[in-house]
Amino acid sequence: MILQRSANAVIFHNALDIAEIVRQLQKEGHVIDPEDPAHISPHLTEHIRRFGEYPTPRTPP
């Protein structure tokens, strides 16, 4: 349950960051098609190691 709440908080924060970036781009004069943000996922996982990192040796013991 705690892990799910933490994940939800991260996703919510990412969504806020994306919205702020879109507003900033519009303020700078960029034209943002309303459909474009729909294709950006706030569920970013590239930088998260959910189950940890377990190195395995490449040479036998």
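Scroll up to find the structure this text is about.
Residues numbered from 1 in each chain as written. Predicted model: local features only at pLDDT ≥ 70, side-chain atom pairs only at ≥ 80, totals over all residues. Heavy atoms only, no water.

A. Representation of the overall build of the chain within the structure. Assigned secondary structure in the chain consists of one helix and zero strands. Buried positions account for 5% of the 61 residues belonging to the chain. Accessible area for the chain stands at about 6000 Å²; split by element, carbon and sulfur atoms hold 60% of it. (Helix = DSSP H or I, 4+ residues; strand = E, 2+ residues; numbered from the N terminus. Buried < 20%, exposed > 50% of the residue type's maximum accessible area, 1.4 Å probe, protein only. Areas by Shrake-Rupley, 256 points an atom, 1.4 Å probe, with all protein chains shown as cover.)

B. Spotlight on helix α1 (residues 2-27). With 26 residues, α1 should cover 38 Å at 1.5 Å per step; its first-to-last C-alpha distance of 37 Å lies within 8% of that length. Within the span of α1, buried status applies to N14, I18 and V22. The first or second residue beyond α1 is G29, which carries a positive phi of 100°. (Expected span 1.5 Å × (residues − 1).)

C. Examining the pattern of salt bridges more closely. Under the criterion given, the structure shown has one salt bridge. One salt bridge in this structure joins E20 and R23, with 3.2 Å as the shortest N-O distance. Taken together, the residues span about one helical turn, with E20 and R23 both in helix α1 at a distance of three residues. (Salt bridge = Lys/Arg side-chain N within 4 Å of Asp/Glu carboxyl O.)

By themselves, these figures tell us nothing about what the structure is for.
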